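Geometric and topological summary
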Amino acid sequence: MPKQAKFHGGIHPPEAKVTGAFEIQTAPLLETYVVPLQQHIGAPCNVLVKKKDTVRRGQLIAEPGGFVSAGIHAPTSGTISAVTTCTGPAGASVPAVELTSDGDDTPDDTLTPMDDWQNSAPDDLKKRIADAGIVGMGGAAFPTHVKLSPPPAKPIDLLVINGVECEPCLTADHRLMLEDPDKVLTGTQIIARILGCKKVIIGIENNKPDAIELMQTKAEKLEMEVAPLKVRYPQGAEKQLIYAVSGRRVPTGGLPMDVGAVVQNVGTAAAVAEAVLDGKPLYERITTITGTPVVKPGNWRLRVGTPLEAALTLAKGVHNDPAKIIFGGPMMGLAVYSLDVPIIKSTSGILLLNSDETSEFTSGPCIGCGQCVDVCPMNIMPGTLSVQIENERFDLAEAWHAMDCIECGCCAYMCPTYRPLVHHLKRAKAEIVARRKAEQNK
Amino acid sequence: MAEETVKLPNPSSLVVSSSPHIHQPQNARRVMLTVVLALLPACVAGVYFFGWPALRVILVTSIACIAFEAFFCKLFKRPNAIGDFSALLTGILLGMNLSAATPWWVCVIGALLAIGLGKQLYGGLGYNIFNPALVGRVGLLIAFPKLMTTWVTPTPGNFLPDAVTTATPLDLASQGTINADYFNYFVGNMGGCIGETSAAALLLGGVVLVYFGYIRWQVPTAYITTLALITWGVHLANPATTPTPLFHILTGGLMIGAIFMATDMVTSPMTKLGAVVFGIGCGVVTCVIRVWGNYPEGVSFAILFMNALVPLINRYTATRPFGLATRNREANA
Amino acid sequence: MNAVIFLVILGGALGFVIALAAKAFAVKTDPRVEEVEELLPQANCGACGYAGCAEFARALVEGEATPENCPVSSPDEVQQIASVLGVSLGERLEKVAVVRCGGDNRLANWNANYNGILDCRSANLVAGGTKACQYGCLGLGTCARACPFDAIEITPHGLAVVHPDVCTGCGKCVAACPRNLIELVPKDAPLHNLCNNPEKGAQSRKVCDVSCIACQKCVKSAEEGQMYMDGFIARVNYENPPSADLAEVCPTKCLQPSLLVKQSMPALEHREEAQQEEEVANA
Amino acid sequence: MEEQGYFALIIGAILVNNFVLTRFLGLCPFFGVSKRLDTALGMCGAVLFVLTLASGVTAAINQHVLLPGAPLLQADLSYLQTIVFILVIASLVQLVELTMQRFSPPLHRALGIYLPLITTNCAVLGAAVLCAQNDYGIMKSAVFGAASAIGFALALILFASLREKLDLAQIPTCMEGAAIAFITAGILAMVFMGFAGLGG
């Protein structure tokens, strides 16, 4: 077992993983899907279809708009009823395609299974991943093929598979590892082959002993290591996870490849396996629907473009009106305000919270208790920074390392005066980036 | 149809905010209230030793502090901040730092100095540079030197004592009389401020606060250790005329200062390393004033002096972001 | 006598040393820098792109900048500076800022309750701001705080409006607004389209009562070239503006003079009138 | 015993009789250049240079020229003290200014008017006059000047760091800027009273 390093800070919020024992259910086919055309970090997609076009399941409906971009595929077969806009999980209006299902779910056969993947060239495999529109499924939605294309100057010798799922409430990755471990491991092997990297570590928090055991027995045969990790949020953050399993420190402002590592989520690995073995592009994912107000919480295999309303109907609705609906987990998820928001590739969970469960931010003063400093996994000083940012002193904020913030939310979770620390830091990061850009253009 | 019975959330009642969406149960109010409760044993000890006048002093300062807080909040058009209990805490701390013989009007002036000068003029809780209670106390000490050094003889259990004046062990020590009556010092049976005498009660409160994590244990530890080491050195050099480290630790305002005043969140450094530096600094300055200065007691001055240094300490003990070292090393290589 | 001799010697010696030093460490400065600096507004608003008036004065003297770059100085002052520098300048139009949104919280719809920092740029980061219109004024006052001249007011109903008489046209608010709502326009322009929603009429109408629905009535009623369509927004041609009477034709009342000049919310009055009429009709 | 005297002199000048916070001398640059820590550091350097040299030079002139029975002129010129001291100080400041303008223009700009104002800074003249009053020798005067400057620097750096923090505080409008700075200086002065009796 690899030696485990302890990253600085971190918290242990109540896990509330009530859906951990619930099997993944497949959602029935819906009549309409609204597929947003921007589901990843990077360049937006160019739409390929127009109104009244008929498409098949898995057909490319929007092509990548650049290298750092991923194509979008039809979730089912049917007719395009409108090329329009919809409210995305981030709140802003994004271009979208409305698809009316024909009920047949006819598959598209552009992508053929690559049965002989063990002997395929890494570049072909990488191209398949790009063609399948696979993005990081842990939440960041960074196009996977880009992550698998490190520059030659930065050889990769460590692949970390992220099965940590440190966000409270979410169980999608947990269930995936229990129900489809072979797919995850095959995907892992494919990724390792692309990177040409021998050492593979699968990190799993030890609040999922069943998954650890299962993965350990299966992974041993494939010469992979499973690292049980102590439960601590944010164990699943890229930099913290690499440090925890290997002791390597990703430099500030750097990427995991700077220390020869690549991190992939278990969901991504499974999607890679599906794309290569079955020729199936990424148009559905496993999403946890949970929260106290939800009548029947569970883990669902949902197609991309399923509106929130339909997803909540699957869970038999709510007992009472929630105060917040969150796409993602409680620590880093995005609060949404409309039931029309569709599920996208990176939606790992839908969480409903009652008003007594959520935190209300106040603009109370920073009393300098230093708890935010103690828990910050990046070891910066969120309290001090927030006071600077309140005064719009972004020059100071930059000097005090605001850019290192990973927005994990530990600081705001702890803050005794309920300051919106993450919100402050998001603002500062946006301002500093804008400023740097302006300076470059000068 | 099954769907018809499904109740969907009402979008108009939804709240959006930045992540995170959950929070630990603790809040500033609870922290302040816990500190107030942790002070209670020492208060009770003070009243036990100095009688009802001690209770009166604490009550007057507490009520005056809360009143001034409300007044200044109104004056500066801020939301009323009484609810966070920080004014109550300041009031109790100020009262505990006064002699039981302090007249009520002096208490009120002290409260005005503490809340007005020390806190509200700086923008209220969180923005003050100096510990408000200590600003009040030192202000009074300089304005009314005679009144502020009139100590009452402790009368354990007698709640209506005749105020007989006495001197604190530190006063006596600076005049050359050293009484090594450690047990009485430990329980608090000696002349001094209401709250500072009973080391036992203060320690009890301190243990509670450290247990809950509401104060940084590094501050009192570094403070007391530094003081002990320096006074030990001085004592070794001159055993006959100087008091032992234990004497220095148990007498005067060291305990209340180290446990309750120096650890005030607002006016102490943010980081653990900063807390250690802060504690050591407090220890050094206290020793310098006690051993070489004119004043027999230096805890208040020392903590205020170090409060002024906090921005500098914060600046130079700022945490190093994760991964920063690696990059520098690479850049150098 | 001794004293006189001594002071003369001391003074002479020290003077000599300083003279030497002055020669050795001579730095050339242009006296015009100070002269120009005195003529500048001394608001240090930074609208010229330099760090304060002193820096700008230096840039002026060194020929890096021209006096018009200071948007705050009046034309007279600019002329004076130009004469100090010995340069000539062209005509300069006096400009003021206008917030191109008329939808306060009585007229525009809101999506959800916002809980966070009361600042437009921050609010815009959470769910893209909670105003139903993704282009409208958030009313949290970032522009008002950015204004060095206190020319922007947030109305009690959450809308930023510019006082045209106080505004100097420095453009700080233009940069501060996360929704790029604020525009610099000629001070004497009689009308502005107070809507910036580029979506189709039906879409914009859904989110706000005072939106530009691209009905083109104003374009048709105005003389040729006075108004033009920019996608689904009607725009005033500020080089050849229409008369203020044109506001009458706008069905949603988004084409208006600055709301502060008008001292009222025409769209709101319009709606109330309509409601009253309806009540009368129902009765 | 001589060394003990120096030690007491230094501690006294830095802490007990701190120029700014107990003698209230040199308040002009203290408030003027304490807005930012880095300019404050520049000011400290300038004051250290001027104070040390000025104290030494004026003490030399005082002892050898001005005092009755001084070796050089053999006449009582002590009534010229103030005028001569100012002359020397002004020249030194002028030198510093020229040097600074040449070698560190940003610092020169940041210090602005406060640099020439060291000339009329009561701290510098005060140090010179104090040395003359207490009959310090040249060496002792220079040490006293340097220690005073260090005391000044200590107060200024402390104060500058505090003001950087105050910059970010929600101070009531009526108290912003100079008002709160004076209050803070007052509390600091109170704190420095605690050092009374040290080293002496």
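Some points on the overall build of chain C
A tally of helices and strands in chain C yields eleven helices and nine strands. Taking 2.2 N^0.38 as the reference for a compact globule, 283 residues should give roughly 19 Å; the C-alpha atoms of chain C span a radius of gyration of 27 Å, well beyond that estimate. Considered along the principal axes of its C-alpha atoms, chain C spans approximately 110 × 45 × 30 Å. Scored against the burial criterion, the 283 residues of chain C give a buried share of 45%. Residue pairs in contact within chain C that sit at least 24 positions apart in sequence constitute 56% of those at least 6 positions apart.

Topic: the overall build of chain D
Check the secondary structure of chain D and you find nine helices and zero strands. When the helices and strands of chain D are read in sequence order from the N terminus, they spell out α-α-α-α-α-α-α-α-α. On C-alpha atoms alone, chain D measures out to a radius of gyration of 18 Å, which is about the 16 Å that the 2.2 N^0.38 rule sets for 200 residues. Counting over 200 residues, chain D shows a buried share of 54%. Across chain D, every contact between residues at least 6 apart in sequence was considered, and the portion connecting residues at least 24 apart equals 73%. Accessible surface for chain D amounts to roughly 8,100 Å². Of this, 66% is attributable to carbon and sulfur atoms. Of the side chains in chain D, 8 bear a positive and 9 a negative charge, and the two mean positions are spaced by 9 Å.

Side note on the pattern of salt bridges
Residues and elements named next belong to chain A. Counted under the stated rule, the structure contains 35 salt bridges over all chains. When the shortest N-O distance is used, the salt bridge between Arg-175 and Glu-179 registers 3.0 Å. Taken together, the residues Arg-175 and Glu-179, both in helix H3 (residues 172-179) and four residues apart, mark about one turn of the helix. On the basis of relative accessibility, which here comes to 9%, the residue Arg-175 falls in the buried class. Members of the salt-bridge network, linked through shared partners, are Arg-57, Asp-105, Asp-180, Lys-183, Glu-274, Lys-280, Glu-284 and Arg-303.

Comments concerning unusual backbone geometry
Residue Tyr-233 of chain A is joined to Pro-234 of chain A through a cis peptide bond whose omega torsion reads -5°. Tracing the sequence through the fold places Pro-234 of chain A in the loop between strand E11 (225-229) and helix H6 (238-246). Cis geometry marks the peptide bond from Ser-19 of chain B to Pro-20 of chain B; its omega dihedral reads -5°. Mapped onto the elements, Pro-20 of chain B comes out in the loop between strand E1 (15-17) and helix H1 (28-50).

Describing the environment of Met-215 of chain A
Residues and elements named next belong to chain A. Assignment of secondary structure puts Met-215 in helix H5 (residues 209-221). Looking at Met-215, the relative accessible area reads 0%, which means it is buried. Taking the C-alpha atoms as reference points, Met-215 and Val-164, 51 residues apart in sequence, are found 13 Å from one another. In contact with Met-215, not counting residues within four places along its chain, are Met-177, Pro-181, Val-184, Leu-185, Ile-202, Ile-204 and Val-226.

What about the pairing of E11 of chain A?
All names here are of chain A. Burial analysis of E11 places four of its five residues in the buried class, the great majority of the element. Where strand E10 (residues 199-205) and E11 come together, five bridges link them in parallel fashion. Each residue of the ladder has a partner; that of Ile-201, found in E11, is Glu-225. Traced from E10 through H5 to E11, the parallel crossover comes out right-handed.

Some thoughts on the interface of chain B and chain D
Interfaces are frequently sized by the accessible area removed from exposure as the parts join. The interface is formed by 31 residues belonging to chain B together with 29 residues belonging to chain D. Taken together, the two surfaces of chain B and chain D that pack against each other cover about 2,600 Å², and 78% of this comes from carbon and sulfur. Taken together, the links from chain B to chain D amount to one salt bridge. The closest approach of N and O atoms between Arg-315 of chain B and Glu-164 of chain D, which form a salt bridge, is 3.0 Å. Applying the counting rule to chain B against chain D returns three residue pairs in polar contact (both at pLDDT 80 or more). Where the side of chain B that touches chain D is concerned, the elements lending two or more residues are helix H5 (132-143), helix H13 (272-292) and helix H14 (299-316) of chain B. With eight residues, the top contributor of residues to the side of chain B that touches chain D is H14 of chain B. Along the lines of polarity and charge, the residues of the side of chain B that touches chain D split into 23 nonpolar, six polar and two charged.

A short note on the sheet that holds strand E17 (residues 349-353) of chain A
Residue and element names in this part refer to chain A. Pairing is mixed across the open sheet formed by six strands, whose spatial order is E1-E14-E13-E17-E15-E16. The open sheet has two free edges, formed respectively by strand E1 (24-26) and strand E16 (334-336), since each of these has just one partner strand. Strand-to-strand twist across the sheet, computed as the mean angle between neighbouring axes with direction ignored, equals 30°. Bridge count between E1 and strand E14 (residues 298-303): three bridges; the pairing is parallel. The residue bridging Thr-26 from the neighbouring strand is Arg-301, located in E14.

Observations regarding the interface of chain A and chain B
Contacts between the two partners involve 71 residues from chain A, matched on the other side by 44 residues from chain B. Sorting the residues of chain A by area buried against chain B places Thr-252, Ile-367 and Tyr-413 of chain A first, and these three jointly supply 12% of that buried surface. The partner of Asp-374 of chain A in a salt bridge is Arg-216 of chain B, with the nearest N and O atoms 2.9 Å apart. Seen at the junction of chain A and chain B, the total is 23 residue pairs in polar contact (both at pLDDT 80 or more). Looking at which element gives the most residues to the side of chain A that touches chain B, the answer is helix H9 (residues 371-375) of chain A, with four residues. Taken together, the residues of the side of chain A that touches chain B sort by class into 40 nonpolar, 20 polar and eleven charged.

Here's the deal with the packing of aromatic side chains
Two measures describe an aromatic ring pair: the distance that separates the ring centres and the angle between the ring planes. All names here are of chain B. Under the criterion given, the structure shown has 19 aromatic pairs over all chains. Ring geometry for Tyr-48 versus Phe-49: centroids 5.1 Å apart, planes at 75°, classification edge-to-face. Among the residues examined, Tyr-48 registers a relative accessible area of 40% and is labelled partly exposed. Phe-49 gets classed as buried once you look at its relative accessible area, which sits at 7%.

Concerning the domain arrangement of chain C
All names here are of chain C. Splitting chain C by domain gives domain 1 (30-92) and domain 2 (95-282). Opposite the five residues of domain 1 that make contact, domain 2 presents six residues. Surface buried jointly by domain 1 and domain 2 totals about 430 Å² across both partners, of which 69% is contributed by carbon and sulfur atoms. At the junction of domain 1 and domain 2, the tally comes to zero salt bridges. The tally of links between domain 1 and domain 2 comes to zero residue pairs in polar contact (both at pLDDT 80 or more). A breakdown of the residues in the side of domain 1 that touches domain 2 according to their chemical character gives five nonpolar, no polar and no charged.

The rules behind these values
Residues numbered from 1 in each chain as written. Chains lettered and ligands numbered in written order. Predicted model: local features only at pLDDT ≥ 70, side-chain atom pairs only at ≥ 80, totals over all residues. Heavy atoms only, no water. Helix = DSSP H or I, 4+ residues; strand = E, 2+ residues; numbered from the N terminus. Rg over C-alpha atoms; globule rule 2.2 N^0.38 Å. Buried < 20%, exposed > 50% of the residue type's maximum accessible area, 1.4 Å probe, protein only. Contact = heavy atoms within 4.5 Å. Areas by Shrake-Rupley, 256 points an atom, 1.4 Å probe, with all protein chains shown as cover. Lys, Arg positive; Asp, Glu negative; His and termini not counted. Charge placed at Lys NZ, Arg CZ, Asp CG, Glu CD. Salt bridge = Lys/Arg side-chain N within 4 Å of Asp/Glu carboxyl O. Pairing = 2+ DSSP bridges. Right-handed = clockwise from strand over helix to strand, strands pointing away. Buried area = accessible area lost by both parts, 1.4 Å probe. Polar contact = N/O pair within 3.5 Å; in protein donor to acceptor, adjacent residues only side chain to side chain. Nonpolar A, V, L, I, M, F, W, Y, C, P; charged D, E, K, R; others polar. Axes fitted to C-alpha atoms, helices over the stretch in contact; angles between N-to-C directions. Phe/Tyr/Trp six-rings, centres within 6.5 Å; stacked < 30°, edge-to-face > 60°. Domains from an automatic or database assignment.

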